[in-house]
Amino acid sequence: MNTFDPLFRSAIGFDRLTRLMDTARSAAEGPAYPPYNIERTAEDSYVLTMAVAGFAPEDLEIMMQDNVLLVTGKASQQPEQERRFLYRGIAGRAFERRFVLADHIQVEGAELSNGLLHVALKRQVPEALKPRRIAIANAQPHPQPVLEGEKDTPLAA
């Protein structure tokens, strides 16, 4: 039984929530390579940092589609005949990492330095979707209508 069954009995259109939970569960069960950090740098800003030692910028690809950030890496092939490893502990294998992004999260840029790939992310909510305060104007008293012949006559109680 799905833990969201009570919600789906009374709510319509939350299929995306189910897909999000399935994606998060499969990502948690997936491979741990390459290691990464997710850092919140400001109220609406984040940095994803991935350890990609041995990868050049042209070996990496970052794609965003349908609120999913996909980072892939394919290390360029070097001639193995010239190298003889006694121990090989630095992974150079291909990888693919998926990150589900919340609504309105955009990629601001990416840089590779010292073997770390930094991807800057920011929440950019469109103005039309931001909450806005509605000003309340002071009501002016409406003048009472004056009927003909009653201009200077006091009102009868």
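Residues numbered from 1 in each chain as written. Predicted model: local features only at pLDDT ≥ 70, side-chain atom pairs only at ≥ 80, totals over all residues. Heavy atoms only, no water.

> Looking at this structure, I do not really get the overall build of the protein chain. What am I missing?
Each helix and strand counted, the protein chain has 2 helices and 7 strands in total. Each helix and strand of the protein chain, placed in order from N terminus to C terminus, yields the pattern α-α-β-β-β-β-β-β-β. Split into buried and exposed, the 157 residues of the protein chain put 17% on the buried side. When contacts within the protein chain are restricted to residue pairs at least 6 apart in sequence, long-range pairs at least 24 apart make up 52% of them. (Helix = DSSP H or I, 4+ residues; strand = E, 2+ residues; numbered from the N terminus. Buried < 20%, exposed > 50% of the residue type's maximum accessible area, 1.4 Å probe, protein only. Contact = heavy atoms within 4.5 Å.)

> Help me out: how do you make sense of the sheet that holds strand β7 (residues 116-123) in this one?
Two orientations exist for strands paired in a sheet by backbone hydrogen bonds: parallel and antiparallel. Reading across the sheet, the 4 strands line up as β1-β2-β7-β6 and stay open at both edges, with antiparallel pairing between neighbours. Each end of this open sheet is capped by a strand with a single partner; those strands are β1 (36-42) and β6 (105-113). Averaged over neighbouring strand pairs, the angle between their axes works out to 20 degrees when direction is ignored. Summarising the sheet, strand β2 (residues 45-51) and β7 pair through 7 bridges and their orientation is antiparallel. Looking at β7, one finds that valine 47 is bridged to alanine 120. (Pairing = 2+ DSSP bridges. Axes fitted to C-alpha atoms, helices over the stretch in contact; angles between N-to-C directions.)

> When you look at the sheet that holds strand β4 (residues 68-73) in this model, what are you seeing that I'm missing?
The sheet built from 3 strands is open, its strands ordered β3-β4-β5 with antiparallel pairing. The open sheet terminates on both sides in strands that have one partner only, identified here as β3 (60-65) and β5 (95-100). With direction set aside, neighbouring strand axes in the sheet form an average angle of 15 degrees.

Fair warning: the whole summary comes from geometry, so function is off the table for now.
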